[in-house]
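Residue-level listing of the chains:
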Amino acid sequence: MDKGFSKPYRMAALEEIPQNNCTADTFTGKRVVDREGIKYGEVKHIHINSKTLAVSGVTIHQGFHKDYYLPAEYIDHFTEETLLLSRSPVRTNVQVVDIDGHKLGKIKRLVKDPQTNELHSIEVSDGLIHTRIVTKSDIWGVGEKVILKLTKDQFKNLH
């Protein structure tokens with residue numbers, strides 16, 4: 001009765017589960033916080049790569065119908081109550097300011113590579129009819145606001 005195992009196979013007892021192993025549902029509902037203490041919502045889902053069984057990312061629930069996906073490279077580690085992020089994510093509806101702190105608008109859309117989910121650019125809307133595309137390389141910092149490396153005049157000259 002060989003099932004393809006070279007050695008006899010035995011299921012482990014619960015007390016034999018290695019340390020640092022836990023179930024994915026342990027993480028749901030935990031607060032998501034970056035290094036600056038900015039709160040991004042709560043963990044809704046843990047995504048696991050079906051081939052490697054490694055965590056590929058998390059879905060963050062930010063409120064009424066506001067969910068978004070964060071890839072694993074944003075995850076630093078989990079504590080008893082919190083998911084700590086290694087860096088702040090760029091997300092929609094966040095205020096965008098120029099290098100001098102002048103308000104430019106809000107992020108309307110994230111433009112990502114469909115294969116890698118890597119951010120290429122953001123679409124910034126002034127709330128009226130004007131939108132501008134800003135490349136990832138023109139982003140200086142991300143936190144409660146997104147700060148661009150551009151001045152207000154340089155931003156206005158973007159297409």
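Everything here concerns the structure above.
Note that this is a predicted model, so its numbers are computed, not measured.

(A) Local environment of the sheet that holds strand 6 (residues 82-85). Taking strand neighbours across the sheet as the criterion, the six strands line up as 4-3-2-1-6-5 in an open arrangement whose pairing is mixed. Two strands in the sheet have a free side with no partner beyond their single neighbour: strand 4 (67-71) and strand 5 (75-78). For this sheet, the mean angle separating the axes of adjacent strands, direction not counted, is 35°. As defined by bridge partners, strand 2 (residues 39-48) adjoins strand 3 (residues 55-61) across six bridges and the pair is classed as antiparallel. Across the sheet, Val43 pairs through a bridge with Ile60, a residue of strand 3.

(B) Expanded view of the pairing of strand 10 (residues 131-135). Burial of strand 10 is one-sided: the residues Arg132 and Val134 facing one way are buried, the residues Thr131, Ile133 and Thr135 facing the other way are not. Taken together, the five bridges between strand 9 (residues 119-125) and strand 10 define a ladder with antiparallel strand orientation. Within the sheet, the bridge partner assigned to Val124 lies in strand 10 and is Arg132. The hairpin turn running from strand 9 into strand 10, its antiparallel successor, is five residues long, and Gly127 in that turn takes a positive phi close to 90°.

Conventions used here
Residues numbered from 1 in each chain as written. Predicted model: local features only at pLDDT ≥ 70, side-chain atom pairs only at ≥ 80, totals over all residues. Heavy atoms only, no water. Pairing = 2+ DSSP bridges. Helix = DSSP H or I, 4+ residues; strand = E, 2+ residues; numbered from the N terminus. Axes fitted to C-alpha atoms, helices over the stretch in contact; angles between N-to-C directions. Buried < 20%, exposed > 50% of the residue type's maximum accessible area, 1.4 Å probe, protein only.

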